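Architecture at a glance
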Amino acid sequence: MLTVDYDRLDVRPGMRVLDLGCGEGRHTFEAYRRGADVVALDLNVTDLATTRQWCAAMALEGEAPATASATTVQGNLLSLPFPDASFDRVIASEVLEHIPDDVTAIAELTRVLRPGGLAAVTVPRWLPERVCWALSDEYHANEGGHIRIYKEDELAGRLRDAGLTVTGNGFAHALHSPYWWLKCAIGDSAPTRAYHRLLVWDIVDKPVFTRVLEQALNPLIGKSVVIYLQKEEVLAGVGA
């Protein structure tokens, strides 16, 4: 289940891609499949182990080009263990809403992206997230949970302040918003489990009807907002 549109991010073979806060690797896998040299970073060693296992399985099955690579790194977004300008593409999906010092995290993301490189940052969208917070404290008020709700223009402003240019946006996972509203309102009940089965069917089988329906609903209730960005090129001789 991808939140980022890899065609818009223009991920190509041979590129160095950093997946920040990779979790169990869903965005790492697609970049690897497209032939990139991917670095998956997270604090959680269990999630990193899962990412390694799946990438190894992909390699064995020939699902990624032999020239591609996928490595995992345990690290903190507030102090990335990489040199400046070391990645062609950076993905930070559903991460910043967990981090108290998001300004430093954004500065680090920008630092490791090469001039001219592209990035995609995704966070929960304001309206669906606000509904979840109103229905349940447990949804967000827990260790490692969501500590803020972003408005898109607020997040875009922080990214611009760090030296990134917004090139576009998108919305994703509209069909997932009602699931989280049900879960927050009535917990793990029969209706919630039934809706979850529908989501699994949608993800696995990708029926045309639900794919068209989600695309129609994404601008209204998409669970995530995606901001696409580019780091400004450094012009030779400017400021010399």
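Conventions and cut-offs
Residues numbered from 1 in each chain as written. Predicted model: local features only at pLDDT ≥ 70, side-chain atom pairs only at ≥ 80, totals over all residues. Heavy atoms only, no water. Pairing = 2+ DSSP bridges. Helix = DSSP H or I, 4+ residues; strand = E, 2+ residues; numbered from the N terminus. Axes fitted to C-alpha atoms, helices over the stretch in contact; angles between N-to-C directions. UniProt positions renumbered as here; feature names shortened; annotations may be inferred. Salt bridge = Lys/Arg side-chain N within 4 Å of Asp/Glu carboxyl O. Buried < 20%, exposed > 50% of the residue type's maximum accessible area, 1.4 Å probe, protein only. Patch = residues over 30% accessible without salt bridge, like charges linked within 9 Å, V, L, I, M, F, W, Y side chains within 5 Å. Areas by Shrake-Rupley, 256 points an atom, 1.4 Å probe, with all protein chains shown as cover. Phe/Tyr/Trp six-rings, centres within 6.5 Å; stacked < 30°, edge-to-face > 60°. Polar contact = N/O pair within 3.5 Å; in protein donor to acceptor, adjacent residues only side chain to side chain.

Here we look at the sheet that holds strand 1 (residues 16–20)
The sheet built from seven strands is open, its strands ordered 3-2-1-4-5-7-6 with mixed pairing. A single partner strand is all that each edge strand has here, and the edge strands are strand 3 (69–74) and strand 6 (164–172). Pairs of neighbouring strands in the sheet enclose a mean axial angle of 15 degrees, with direction left out of account. Two elements, strand 2 (residues 37–42) and strand 3, share six bridges in a ladder whose sense is parallel. From the neighbouring strand, Ala 40 faces strand 3, where its bridge partner is Thr 72.

Some words on the UniProt feature "domain: Methyltransferase type" (unreviewed entry) in the protein chain
According to UniProt, the "domain: Methyltransferase type" (unreviewed entry) feature falls on residues 18–120. Across residues 18–120, the secondary structure splits into 34% helix and 29% strand, with the terminal C-alpha atoms separated by 11 Å.

Side note on the pattern of salt bridges
This model, assessed by the stated rule, comprises 15 salt bridges. In this structure, the salt-bridge partner of Glu 108 is Arg 111, at a minimum N-O distance of 2.8 Å. Residue Glu 108 and its partner Arg 111 are both found in helix 4 (residues 102–112); the two are separated by three residues, about one turn of the helix. Exposure remark for Arg 111: the relative accessible area of 23% places this residue in the partly exposed category.

A look at the environment of Gln 53
As for its position among the elements, Gln 53 is in helix 3 (residues 45–60). For Gln 53, a relative accessible area of 54% gives the class exposed. As for Gln 53 and Glu 24, which are separated by 29 residues in sequence, their C-alpha atoms are 9.8 Å apart.

Remarks on a nonpolar patch on the surface
Taken together, the side chains of Met 1, Val 200, Ile 203 and Val 204 present a nonpolar region at the surface, about 330 Å² in accessible area. Here Ile 203 is to be found in helix 8 (residues 190–205). Residue Ile 203 is classed as partly exposed on the basis of its relative accessible area of 34%.

Notes on the packing of aromatic side chains
We describe a pair of aromatic rings using the distance from one ring centre to the other and the angle between the two ring planes. The final tally for this structure, using the stated rule, is three aromatic pairs. Aromatic side chains Tyr 139 and Trp 180 sit 5.8 Å apart centroid to centroid with 65 degrees between the ring planes, which places their arrangement in the edge-to-face category. Of the two residues, Tyr 139 is situated in the loop between helix 5 (126–135) and helix 6 (152–161) and Trp 180 in helix 7 (residues 176–186); the sequence distance between them amounts to 41 residues. Residue classification places Tyr 139 among the buried positions, given a relative accessible area of 15%. Put simply, the rings of Tyr 139, Tyr 179 and Trp 180 touch in pairs and so form one group of aromatic residues.

Describing the side chain of His 140
Assignment of secondary structure puts His 140 in the loop between helix 5 and helix 6. Overall, the relative accessible area of 14% leaves His 140 in the buried class.

A word on the environment of Asn 44
In this structure, Asn 44 sits in the loop between strand 2 and helix 3. Residue classification places Asn 44 among the partly exposed positions, given a relative accessible area of 32%. Once the C-alpha coordinates of Asn 44 and Asn 76 are considered, the two residues, 32 residues apart in sequence, prove to be 10.0 Å apart. Among the polar contacts listed, one links the side chain of Asn 44 to the backbone nitrogen of Thr 46, at a separation of 2.9 Å.

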